[in-house]
Amino acid sequence: MAFSDNYDFELLKNEAEKLVVDELGKQLESCPEEICTCNECVVDMAAMALNAVKPLYRFSLLGTLYAAQAVNEQTDYADSIRDAVSNAIEKVRKNPSHD
Ligand SMILES: [Zn+2]
């Protein structure tokens, strides 16, 4: 039996995902520029932004409350999410994920 079969790694959650997706939704809603919001482009933006920020893994049994608290304490982290998302939107706007 493989080591990974002995444990439930599904319990690991990267909270950055939720934060990036929430921020992406906010920024796209208020984006003044014409921008493609098809699934391909938006998921691409999320991937780009997520690669640019530090992951924020949590053991999900502890709940998301802890994560939310940690993020409030780390305003630098919230800033890095905002920057990463706006950079990702800009990149995909200039160079869409498809023709
Ligand atoms: Zn698109």
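Before going into details, it helps to say that this report is about the structure given with it. (Residues numbered from 1 in each chain as written. Predicted model: local features only at pLDDT ≥ 70, side-chain atom pairs only at ≥ 80, totals over all residues. Heavy atoms only, no water.)

A contiguous nonpolar surface patch, about 590 Å² in accessible area, is contributed by Phe 3, Tyr 7, Phe 9, Leu 12 and Tyr 57. By the secondary structure assignment, Phe 9 is in the segment before β1 (12–14). The class for Phe 9 is partly exposed, based on a relative accessible area of 42%. (Patch = residues over 30% accessible without salt bridge, like charges linked within 9 Å, V, L, I, M, F, W, Y side chains within 5 Å. Areas by Shrake-Rupley, 256 points an atom, 1.4 Å probe, with all protein chains shown as cover. Salt bridge = Lys/Arg side-chain N within 4 Å of Asp/Glu carboxyl O. Helix = DSSP H or I, 4+ residues; strand = E, 2+ residues; numbered from the N terminus. Buried < 20%, exposed > 50% of the residue type's maximum accessible area, 1.4 Å probe, protein only.)

Let us look at the packing of helix α1 (residues 15–29) against helix α2 (residues 39–52). Relative orientation of the contacting elements α1 and α2 amounts to 125 degrees, with a least axis distance of 10 Å. One element, α1, and the other, α2, form an angle in the oblique class. The handedness of the crossing between α1 and α2 is right-handed. Side by side, α1 and α2 meet where Ala 16, Glu 17, Val 20, Leu 24 and Leu 28 of the first sit next to Val 42, Met 45, Ala 46, Ala 49 and Leu 50 of the second. By residue class, the composition of the contact of α1 with α2 is 9 nonpolar, no polar and 1 charged. (Axes fitted to C-alpha atoms, helices over the stretch in contact; angles between N-to-C directions. Parallel < 35°, antiparallel > 145°, perpendicular 65-115°, else oblique. Left-handed = near helix turned anticlockwise from the far one by under 90°. Contact = heavy atoms within 4.5 Å. Nonpolar A, V, L, I, M, F, W, Y, C, P; charged D, E, K, R; others polar.)

Ligation of the zinc ion by protein atoms is provided by Cys 36 (SG), Cys 38 (SG), Cys 41 (SG) and His 98 (NE2), these donors lying 1.9 to 2.3 Å from the ion. Cys 36 sits in the partly exposed class, given a relative accessible area of 31%. Among the residues examined, His 98 registers a relative accessible area of 29% and is labelled partly exposed. (Donors = N, O, S within 2.8 Å, 3.2 Å for Na, K, Ca; no water.)

Moving on to the packing of aromatic side chains. In total, this model carries 3 aromatic pairs according to the counting rule given. Taken together, a centroid distance of 6.3 Å and an interplanar angle of 45 degrees make the contact between Phe 3 and Phe 9 tilted. Here the aromatic cluster, defined as three or more aromatic residues joined through ring pairs, consists of Phe 3, Tyr 7 and Phe 9. (Phe/Tyr/Trp six-rings, centres within 6.5 Å; stacked < 30°, edge-to-face > 60°.)

What follows concerns the pattern of salt bridges. Pairing between side chains of opposite charge can happen when their charged atoms approach one another. Taken as a whole, this structure holds 5 salt bridges when the rule is applied. Among the salt bridges present, the one from Glu 23 reaches Lys 26, with a minimum N-O distance of 3.8 Å. Of the two residues, Glu 23 and Lys 26 are both situated in helix α1; the distance of 3 residues between them amounts to about one turn of the helix. Glu 90 is the salt-bridge partner of Lys 94, the closest N and O atoms lying 3.9 Å from each other. With a gap of 4 residues between them, Lys 94 and Glu 90 both fall in helix α4 (residues 75–94), about one helical turn apart. By relative accessible area, which is 64% here, Lys 94 ends up exposed. The partly exposed category is assigned to Glu 90, whose relative accessible area is 28%. Where salt bridges share partners, they join Glu 90, Arg 93 and Lys 94 into one cluster.

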